[in-house]
Amino acid sequence: QVQLVESGGGLVQAGGSLRLSCVGSGISFSITAMGWYRQAPGKQRELVARIGVGNITNYADSVKGRFTISRDNAKNTVDLQMNSLRPEDTAVYYCNQALTGVPIRGYRTWGQGTQVTVSS
């Protein structure tokens, strides 16, 4: 019953910004750690941003200082504000739980993702 729907991707020039949004059903984002993941062509899916139940955030070094993850519990959404985008940020972006000790392969349900393409 868990359903995750990502939106907000698009084509932007290097240095530009995008705001991604994820809405869930069958899961309450407010009581679980959530994350944004991305998968670039030929690469493994990776966690780029995490927000815990207490709203403590963590970021991959590659995006730290440029991306901001946030929640809106009333809407059951988690957003990713992406600034100063680089071509290497090009990937399909997904949201999902981000539980400590659970590898990415442990999450069996994923949304369709949203494509982010950054041109140089």
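Calculation criteria
- Residues numbered from 1 in each chain as written.
- Predicted model: local features only at pLDDT ≥ 70, side-chain atom pairs only at ≥ 80, totals over all residues.
- Heavy atoms only, no water.
- Phe/Tyr/Trp six-rings, centres within 6.5 Å; stacked < 30°, edge-to-face > 60°.
- Helix = DSSP H or I, 4+ residues; strand = E, 2+ residues; numbered from the N terminus.
- Buried < 20%, exposed > 50% of the residue type's maximum accessible area, 1.4 Å probe, protein only.
- Lys NZ or Arg CZ within 6 Å of the ring centre and 35° of its normal.
- Polar contact = N/O pair within 3.5 Å; in protein donor to acceptor, adjacent residues only side chain to side chain.
- Contact = heavy atoms within 4.5 Å.
- Disulfide = S-S within 2.5 Å.
- Pairing = 2+ DSSP bridges.
- Axes fitted to C-alpha atoms, helices over the stretch in contact; angles between N-to-C directions.

Caption draft 1: Region of interest: the packing of aromatic side chains. Evaluated as defined, the whole model comprises three aromatic pairs. Each ring, one from Y94 and one from W110, has its centre 5.9 Å from the other, and the planes form 80 degrees; the classification is edge-to-face. Linking Y94 in strand β9 (residues 91-97) with W110 in the loop between β9 and β10 (114-119), this pair joins segments that are 16 residues apart in sequence. Between the aromatic rings of Y107 and W110, the centroid separation amounts to 6.4 Å while the plane-to-plane angle is 90 degrees, which identifies the pairing as edge-to-face. Of the residues examined, Y107 reaches a relative accessible area of 9% and is grouped as buried. Through a chain of ring-to-ring contacts, the aromatic side chains of Y37, Y94, Y107 and W110 assemble into a single cluster. A cation sits over an aromatic face here: R45 above W110, 4.4 Å from the ring centre.

Caption draft 2: Up close: the side chain of T114. Counting through the fold element by element, T114 comes out in strand β10. For T114, a relative accessible area of 8% puts it in the buried group. There is a polar contact of 2.9 Å between the side chain of T114 and the backbone nitrogen of G9. Beyond its immediate sequence surroundings of up to four residues, T114 is in contact with E6, S7, G8, G9, L20, A91, V92 and Y93.

Caption draft 3: Highlighting the state of the cysteines. This model, assessed by the stated rule, comprises one disulfide. Here C22 connects covalently by a disulfide to C95, the sulfurs 1.7 Å from one another. What sets the handedness of the C22 and C95 disulfide is the S-S torsion sign, and at about 50 degrees it is right-handed. Taken together, the residues span a long stretch of sequence, with C22 in strand β3 (residues 18-25) and C95 in strand β9 at a distance of 73 residues. By the burial criterion, C22 is buried, and C95 matches it.

Caption draft 4: Broad picture of the sheet that holds strand β5 (residues 46-51). Pairing within the open sheet is mixed, and its six strands lie in the order β2-β10-β9-β4-β5-β6. One side of each edge strand has no neighbouring strand; the edge strands of this open sheet are β2 (10-13) and β6 (57-59). Between one strand axis and the next, the sheet turns through 25 degrees on average, direction left out of account. Relative to β6, β5 runs antiparallel, the two sharing three bridges. Of the residues in β6, the one forming a bridge with R50 is N58.

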